[in-house]
Amino acid sequence: MAQKRTQKLAFAALFAALTFAATWVSFPSPFGGNVNLGDCILLITAWLPLEPWSIFACAIGAGLTDLAAGYAIYAPATFVIKALMVLVAVLIKRSTPKLPEVWRAILSGVAAELVMVTGYFFYEIILYGVAGAALNIPFNLAQGGIAIVSATLLSFLLSKMPLPELLRSERTLFGKGFTKKQ
């Protein structure tokens, strides 16, 4: 039991680092913040059987990127928003076991990205006012759409690869075949 917990912690650290790296490579949006592929890794992490570790991995990875990249003003919001995104994706993934896995991925991805768009909108209202926050909505929607498509495609590829047993279960999208019901 302790060995399994240690393995999950190690995988969570790996996914925190991957989230950091994918978030680091970014393009600035008009009013601070950035557009990146961090949410792709976030969604994949949420679809793995690592919870609750996945929540902390993504929140820490993305939050540390904000600190390291000079967006410290965003770090607290990023930590909370990314944690909520993973939580929503995990809950939807768990609550829709009868759907084909590809639809579970898309549904949980859309819900998580809506949390991101909404969360940053309200946070940026505090920073920039309603007009400034509204300017970033299209960039956040684009990031979310790209994340959903790229995470879904990458998940399909990962489902065909020999992954460690720890990363496969009845609750993961990498279990018995990406397009089959579980």
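Below, the discussion takes up the packing of helix α1 (residues 2–24) against helix α2 (residues 38–47). Here α1 crosses α2 at 155°, and the two axes come no closer than 7 Å. By the angle between their axes, α1 is roughly antiparallel relative to α2. Residues Phe 15, Leu 18, Thr 19, Ala 22 and Thr 23 of α1 form the contact with α2, whose own contacting residues are Gly 38, Ile 41 and Thr 45. Within the contact of α1 with α2, the residues separate by chemical class into four nonpolar, four polar and no charged.

The tally for this structure, following the rule as stated, stands at five aromatic pairs. When the ring of Tyr 71 is compared with that of Tyr 74, the centres are 6.5 Å apart and the planes differ by 80°; the resulting orientation is edge-to-face. Accessibility expressed as a relative area gives 3% for Tyr 74, which makes it buried. An aromatic cluster is defined as three or more aromatic residues linked by ring pairs; in this entry it consists of Tyr 71, Tyr 74, Tyr 120 and Tyr 123.

Turning to the pattern of salt bridges, a few remarks are in order. All chains considered together, the criterion is met by one salt bridge. In this structure, the salt-bridge partner of Lys 82 is Asp 39, at a minimum N-O distance of 2.6 Å. Of this pair, Lys 82 sits in helix α4 (residues 75–95) while Asp 39 sits in helix α2, and the two are 43 residues apart along the sequence. Look at Lys 82 and you get buried, because its relative accessible area is 5%.

Judged by how many residues are buried, α2 sits mostly within the fold: 10 of 10 residues are covered. Those residues of α2 lying buried are Gly 38, Asp 39, Cys 40, Ile 41, Leu 42, Leu 43, Ile 44, Thr 45, Ala 46 and Trp 47.

Reading guide: rules and limits
- Residues numbered from 1 in each chain as written.
- Predicted model: local features only at pLDDT ≥ 70, side-chain atom pairs only at ≥ 80, totals over all residues.
- Heavy atoms only, no water.
- Axes fitted to C-alpha atoms, helices over the stretch in contact; angles between N-to-C directions.
- Helix = DSSP H or I, 4+ residues; strand = E, 2+ residues; numbered from the N terminus.
- Parallel < 35°, antiparallel > 145°, perpendicular 65-115°, else oblique.
- Contact = heavy atoms within 4.5 Å.
- Nonpolar A, V, L, I, M, F, W, Y, C, P; charged D, E, K, R; others polar.
- Phe/Tyr/Trp six-rings, centres within 6.5 Å; stacked < 30°, edge-to-face > 60°.
- Buried < 20%, exposed > 50% of the residue type's maximum accessible area, 1.4 Å probe, protein only.
- Salt bridge = Lys/Arg side-chain N within 4 Å of Asp/Glu carboxyl O.

Geometry only, nothing functional implied.
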